[in-house]
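Observations on chain architecture
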Amino acid sequence: MSMQTTRRDFIKTSTLAGAGFMAIAGNSPRPTRAADSALEGIAIAGIGVGGKGSSDIDQAGIYGKVVALCDTDRGTLEGKAKNFAANNPKLYTDYRELFAEMMDKIDAVTVSTPDHMHTIITATALKAGKHAYTQKPLTRTIGEARYLGYLARKYNCCTQMGNQGSTLDAMRRCVAQIKAGVIGDIKAVHIWTNRPVWAQGPNRDMTMEKFVAQTRKEEEDEEVANDLIEEKQKQVAEALKKIDWDSWIGVAPKREFWPGIYHDFQWRGWWDFGSGSLGDMACHTANMPYGACDLKFPTSVVAESSGHDFNSFPAWSKIWFQFPATDTRDAIEVTWFDAKTRPEAAIFEKYGIADPTSSGAIILGTKGAAYSPDDYAQAYQLLAPGGEALKEIDGVEYRVAPTDEHSGNFDTRNKLEWITAIKENKPELCWSNFPDFAGPLTETILLGNLAVWAAPEAGKRGETIEWDAKKLRVTNLDSIKTPGVAELVRPEYQNGYEKIDWSFID
């Protein structure tokens, strides 16, 4: 089956193959099932099955049949395959080979790779009419987030981002209460995180040439130096037997593999592969404020950082977003803090918060504040000045996520909501679907990284990014002296991968 297969062809083919979940076209308001158990009938491929991808495919496998697995780390791949031995899944290190051989045999994918590969993999699946569960942040760059939302809507796919706190009743109730006015008119938002918990900062890359030069400079005994170099060469060679490095690099510029600084977790701290602290945690910690305060379409952003080299993210940053007035609130400023820094103590003291957590959010209003002491708003507090609890507004309704015997784990519940949407052919059932929520949330978050990029000098505010959110344009680009800003909006893929046609925006 071609990777350009239409959704209509996909439904027809998957139903005939017995792996489908409905027997009639997707525009019917009440689809019927092709099998007695629609859930067990969904064939799923897991792409990126280590780290968070491990639990993602395990949880998706509760509700469907895992028929294919892909990971660039052969050890991870083989280990995860044992979990699904009964299914005898096909194994791949290159997602392109998986899609070429299995596209007509799968209905949905989980995508839990490093950030730089989210878009190319997810887009290929969506174009073939496959439903997608993609980890946070949805994409590495702003334009890619808009692109996946566009494709999800165009091909009528059920999508969900992996910000699992979205399915918590507490988070949804908090959003509804704030929207109903429990803390009054919104005046400001502060969000903070303990990330990074991986290495970030300038001059961190390494190559064999650089290692050899350093070793010979630092070790006076030539024989000892040669032994160290030979040992490192063997270490690299052994590691590359287990890793499909070309597939891991994917759409990013080529660079030499080096043990321990990219794969398997440290990639988050590199501009080419990850999105730093903001990308890692803001889709969680900013999730409640985003929904409650309608944090779409910021107009400008500026940052201060510990300094960076346009290769690795800075060790810390602070970011100020400006949002225009909407029909429901005045213009506000949203501030982001990372590396365990927090808003000024007076803010917490005003509301009786004695020991603020290392990750959380606080929304300030004219009547009080909403405080989330964790990343997911699962234990939020509504506080008046002085610290007395505000009474919640009676009768405020919110949409409850589906539950079953597995969904006490809210991460699993996020998968269940996605699967329920697939089963009922209703993409809108997913709270964090790409077009309406996950995409715009990711766009807002990643604008902050544009400001961090433009703040390379340690301890000094960088250049202000003026932003046209609807057209995805830096409106003052001509006056920006920092190089490479435009590429963080609309990236150009490397190494022969299909490039994005940006005309859907223009």
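Below, the structure is looked at part by part.

About the cut-offs
Residues numbered from 1 in each chain as written. Predicted model: local features only at pLDDT ≥ 70, side-chain atom pairs only at ≥ 80, totals over all residues. Heavy atoms only, no water. Helix = DSSP H or I, 4+ residues; strand = E, 2+ residues; numbered from the N terminus. Rg over C-alpha atoms; globule rule 2.2 N^0.38 Å. Buried < 20%, exposed > 50% of the residue type's maximum accessible area, 1.4 Å probe, protein only. Phe/Tyr/Trp six-rings, centres within 6.5 Å; stacked < 30°, edge-to-face > 60°. Lys NZ or Arg CZ within 6 Å of the ring centre and 35° of its normal. Pairing = 2+ DSSP bridges. Axes fitted to C-alpha atoms, helices over the stretch in contact; angles between N-to-C directions. Contact = heavy atoms within 4.5 Å. 1 Å grid on protein atoms, 1.4 Å probe; cavity = no way out; pocket = protein on both sides within 12 Å on 5 of 7 lines; lining within 4 Å. Points joined across faces, edges and corners; volume = space filled by probe spheres on them. Nonpolar A, V, L, I, M, F, W, Y, C, P; charged D, E, K, R; others polar. Arc of directions from axis to C-beta. Salt bridge = Lys/Arg side-chain N within 4 Å of Asp/Glu carboxyl O.

Topic: the overall build of the protein
For the protein, the helix and strand inventory stands at 15 helices and 15 strands. For a compact globule of 506 residues, the expected C-alpha radius of gyration is about 23 Å, and the protein comes in at 23 Å, within 12% of that figure. Each principal axis of the C-alpha distribution contributes one length, and for the protein these read about 70 × 70 × 45 Å. By residue count, 59% of the 506 residues in the protein fall in the buried class.

Points about the packing of aromatic side chains
For the coordinates displayed, the defined rule picks out 24 aromatic pairs. Arranged with centres 5.5 Å apart and planes meeting at 45°, the rings of Tyr-147 and Phe-504 form a pair that is tilted. Highlighted residues: Tyr-147 in helix α6 (residues 142-154) and Phe-504 in the segment after β15 (473-474), separated in sequence by 357 residues. Look at Tyr-262 and Trp-270: their rings are 5.0 Å apart centre to centre, the planes differ by 55°, and that puts the pair in the tilted class. For the pair Tyr-262 and Trp-270, a shared accessibility class is recorded, and that class is buried. Here a set of aromatic residues connected by ring pairs shows up, and it is made of Trp-245, Trp-248, Phe-257, Tyr-262, Trp-270 and Phe-273. It is Lys-232 that lies over the ring of Phe-211; its NZ or CZ is 5.6 Å from the centre.

Points about the sheet that holds strand β4 (residues 108-111)
Here 6 strands make up an open sheet; going across it, the order is β3-β2-β1-β4-β5-β6 and the pairing parallel. Whereas interior strands pair on both sides, the edge strands pair on one side only; in this sheet they are β3 (90-92) and β6 (159-161). Looking at each pair of strands side by side, their axes are set apart by 15° on average, direction ignored. Judged from the 4 bridges that link them, β4 and strand β5 (residues 131-134) form a sheet pairing that is parallel. Note that in β5 the partner of Ala-108 across the bridge is His-131. Along the sheet, helix α2 (residues 52-63) contacts β1 (43-47), β2 (65-70), β4 and β5; its crossing angle with β1, the most-contacted strand, is approximately 175°.

Some details on the side chain of Thr-122
Topologically, Thr-122 is positioned in helix α5 (residues 118-127). By relative accessible area, Thr-122 is classed as buried at 0%. Apart from residues lying up to four places away in sequence, Thr-122 is in contact with Val-111, Ala-132, Thr-134, Leu-148 and Phe-434.

Observations regarding the pairing of strand β12 (residues 369-372)
Taken residue by residue, a regular strand's side chains alternate between the two faces of the sheet. Going residue by residue along β12, you find Ala-369 and Tyr-371 tucked away on one face and Ala-370 and Ser-372 tucked away on the opposite face as well. Sheet topology places strand β11 (residues 360-365) next to β12; 4 bridges connect them, and they run antiparallel. If you follow Ile-362 over to β12, its bridge partner there is Tyr-371. In this structure, the hairpin formed by β11 and β12 is closed by a connection of 3 residues. As paired elements, β12 and strand β13 (residues 381-383) share 3 bridges and run antiparallel to each other. The residue of β13 that forms the bridge with Tyr-371 is Gln-381.

Brief notes about the environment of Lys-90
Within the secondary structure, Lys-90 is located in strand β3. When its relative accessible area of 45% is taken as the criterion, Lys-90 is described as partly exposed. The spacing of Lys-90 and Gln-59 is 31 residues in sequence and 18 Å in space, taken between C-alpha atoms. In this structure Lys-90 touches Val-67, Ala-68, Leu-69 and Met-102, once residues within four positions along its chain are discounted.

Focus on the layout of surface pockets
Taken as a whole, the largest pocket holds about 690 Å³ of empty space. Taken together, 39 residues line the largest pocket, and the ones lying closest to its centre are Gly-50, Ser-112, Thr-113, Pro-114 and Trp-267. Looking at the lining of the largest pocket, the elements with two or more residues in it are α2, α5, α10 (245-249) and α11 (276-285). In terms of residue count, α11 provides more of the lining of the largest pocket than any other element does, 3 residues in total.

What to know about empty space enclosed by the protein
A full pass over the atoms with the stated rule returns 3 cavities of 30 Å³ or more. Empty space within the largest cavity amounts to approximately 120 Å³. Of all the elements in the fold, those that place two or more residues in the lining of the largest cavity are α11, β9 (317-323), β10 (332-337) and α15 (434-453). Looking at the lining of the largest cavity element by element, the count peaks at 3 residues for α15. Partitioned by chemical class, the residues of the lining of the largest cavity number 12 nonpolar, 1 polar and no charged.

Some details on the sheet that holds β12
What holds strands together in a sheet is hydrogen bonding between their backbones, with the strands either parallel or antiparallel. Across the sheet, which stays open at both edges, the 9 strands sit in the order β13-β12-β11-β7-β10-β9-β8-β14-β15 with mixed pairing between neighbours. Strands with a single pairing partner mark the edges of an open sheet, and in this sheet they are β13 and β15. Across the sheet, α11 lies against β7 (186-192), β9, β10 and β11, angled at about 125° from β10, the strand it touches most.

Looking at the side chain of Arg-172
Structurally, Arg-172 is set in helix α7 (residues 169-180). We classify Arg-172 as buried; its relative accessible area is 1%. Apart from residues no more than four positions distant in its own chain, Arg-172 is found in contact with Ser-166, Thr-167, Tyr-398, Arg-399, Val-400, Ala-401, Glu-417 and Trp-431.

With respect to helix α4 (residues 95-102)
Every α-helix carries 3.6 residues per turn, so stepping three or four residues along brings you back to the same face. Among the residues of α4, those classed as buried are Tyr-95, Leu-98, Phe-99 and Met-102. Buried residues of α4, seen end-on, are gathered within an arc of 95° and therefore sit on one face of the element. On its buried side, α4 packs onto β1, β2, β3, β4 and α5.

Topic: the pattern of salt bridges
In total, this model carries 26 salt bridges according to the counting rule given. The residue Arg-255 makes a salt bridge to Asp-272 at a minimum N-O spacing of 2.9 Å. You can see Arg-255 sitting in the loop between α10 and α11 and its partner Asp-272 sitting in the loop between α10 and α11, a full 17 residues away along the chain. Residue Arg-255 is classed as buried on the basis of its relative accessible area of 19%. The exposure class of Asp-272 is partly exposed, given its relative accessible area of 24%. Here the residues in one salt-bridge network are Lys-52, Asp-56, Asp-411 and Lys-415, joined through shared partners.

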